[in-house]
Amino acid sequence: RSLLAPRAGPGWAIFCVWLFASATGRALAWLGLPPLAGQLLGGALARNSRAFRGAALTHAYKATIRAAGLGTIMTRSGLELDVGAIRRAGRVAARLTVLPGASEALAVGVVARWVFELPFVLALALGFILAAVSPAVVVVGMFDLH
């Protein structure tokens, strides 16, 4: 019998996922690592655990949660940007944003192709997804250093 039985409803399932992600985020923060990484790890563990199989989350709920998560990641990584300074920097700002992300995506794509033997397009997609998420982890750590 699942902890997240369908009769418990989607609200209970969302609460349990949130609680699990929060706990893993706090655990990694206690270890001195970024809490967002712990939340992502908690989500991956929850997705693959036996307790979360057959949860009462429909496809619409899952899509909404994914969209909210992506919005949170993008919002946290975009905080404290000075748009005026970016416009004044012009091409330099464009190069400093595009080149590191593209090079990270290509490097991850090549390594994923070699390590996991993925088709190159799928390995490249993995690289771009990883490159899109990594600023949300790095920027929060840089704010702590600030």
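Residues numbered from 1 in each chain as written. Predicted model: local features only at pLDDT ≥ 70, side-chain atom pairs only at ≥ 80, totals over all residues. Heavy atoms only, no water.

Trainee: Teacher, can you tell me more about the overall build of the protein here?
Mentor: When helices and strands are counted, the protein shows 6 helices and 0 strands. Element order for the protein, N to C, with α for helix and β for strand: α-α-α-α-α-α. For the protein, the proportion of its 146 residues judged to be buried stands at 21%. (Helix = DSSP H or I, 4+ residues; strand = E, 2+ residues; numbered from the N terminus. Buried < 20%, exposed > 50% of the residue type's maximum accessible area, 1.4 Å probe, protein only.)

Trainee: Is there a simple way to think about the environment of Val133 in this case?
Mentor: For Val133, the location among the structural elements is in helix α6 (residues 120–145). We classify Val133 as partly exposed; its relative accessible area is 24%.

Trainee: What should I look at first to understand unusual backbone geometry in this one?
Mentor: Glycine aside, a negative phi is what most residues show, and trans is what most peptide bonds show. Phi is positive for Glu117, which is not a glycine, with a value near 55°. Its location among the elements puts Glu117 in the loop between α5 (91–116) and α6. Residue classification places Glu117 among the exposed residues on the basis of a relative accessible area of 66%.

Trainee: Can you walk me through helix α1 (residues 10–30) in this structure?
Mentor: Side chains of residues three or four places apart in an α-helix project in the same direction, reflecting 3.6 residues per turn. The end-to-end C-alpha separation of α1 is 30 Å, in line with the 30 Å expected for 21 residues at 1.5 Å each. Residues of α1 that are buried: Ala13, Cys16, Ala21, Ser22, Thr24, Gly25 and Leu28. Of the residues one or two after α1, Gly32 is the one with positive phi, at around 90°. (Expected span 1.5 Å × (residues − 1).)

Trainee: What am I meant to see in a nonpolar patch on the surface here?
Mentor: Judged by side-chain polarity, Val111, Trp114, Val115, Phe116 and Leu126 come together as a nonpolar surface patch covering roughly 570 Å² of accessible area. For the nonpolar patch, the element with the most residues is α5, which contributes 4 residues. Within the fold, Val115 resides in helix α5. Given the relative accessible area of 47%, Val115 is considered partly exposed. (Patch = residues over 30% accessible without salt bridge, like charges linked within 9 Å, V, L, I, M, F, W, Y side chains within 5 Å. Areas by Shrake-Rupley, 256 points an atom, 1.4 Å probe, with all protein chains shown as cover. Salt bridge = Lys/Arg side-chain N within 4 Å of Asp/Glu carboxyl O.)

Trainee: How should the packing of α1 against helix α2 (residues 35–47) be read in this particular structure?
Mentor: Two measures define how a pair of helices packs: the angle their axes make with one another and the distance between the axes. Put simply, α1 and α2 touch, their axes get as near as 7 Å, and they point 135° apart. Taken together, the axes of α1 and α2 lie oblique to each other. Judged by the twist between their axes, the crossing of α1 over α2 is right-handed. On α2, the residues that touch Phe20, Ala21, Thr24, Gly25, Leu28 and Ala29 of α1 are Pro35, Ala37, Gly38, Gln39, Gly42, Leu45 and Ala46. (Axes fitted to C-alpha atoms, helices over the stretch in contact; angles between N-to-C directions. Parallel < 35°, antiparallel > 145°, perpendicular 65-115°, else oblique. Left-handed = near helix turned anticlockwise from the far one by under 90°. Contact = heavy atoms within 4.5 Å.)

Trainee: Please clarify how α2 should be interpreted in this entry.
Mentor: Along its 13 residues, α2 runs 18 Å from first to last C-alpha, staying within 8% of the 18 Å computed at 1.5 Å per residue. Every buried residue belonging to α2 is among Leu36, Gly38, Gly42 and Ala46, and all of these are buried. End-on view of α2: buried residues confined to an arc of 155°, all on one side of the axis. (Arc of directions from axis to C-beta.)

Trainee: What should I look at first to understand the environment of Val121 in this one?
Mentor: You can see Val121 is positioned in helix α6. Along the sequence, Val121 and Gly109 sit 12 residues apart, while their C-alpha atoms lie 8.2 Å from each other.

Trainee: Help me understand the confidence of the model for the protein, please; the structure alone is not making it clear to me.
Mentor: Detail in the predicted coordinates should be disregarded across regions flagged by low pLDDT. For the protein, the mean per-residue pLDDT works out to 79, and 79% of the residues sit at or above 70. When mean pLDDT is compared element by element in the protein, α5 scores highest at 90, while helix α3 (residues 59–77) scores lowest at 77. (pLDDT = per-residue confidence, 0-100.)

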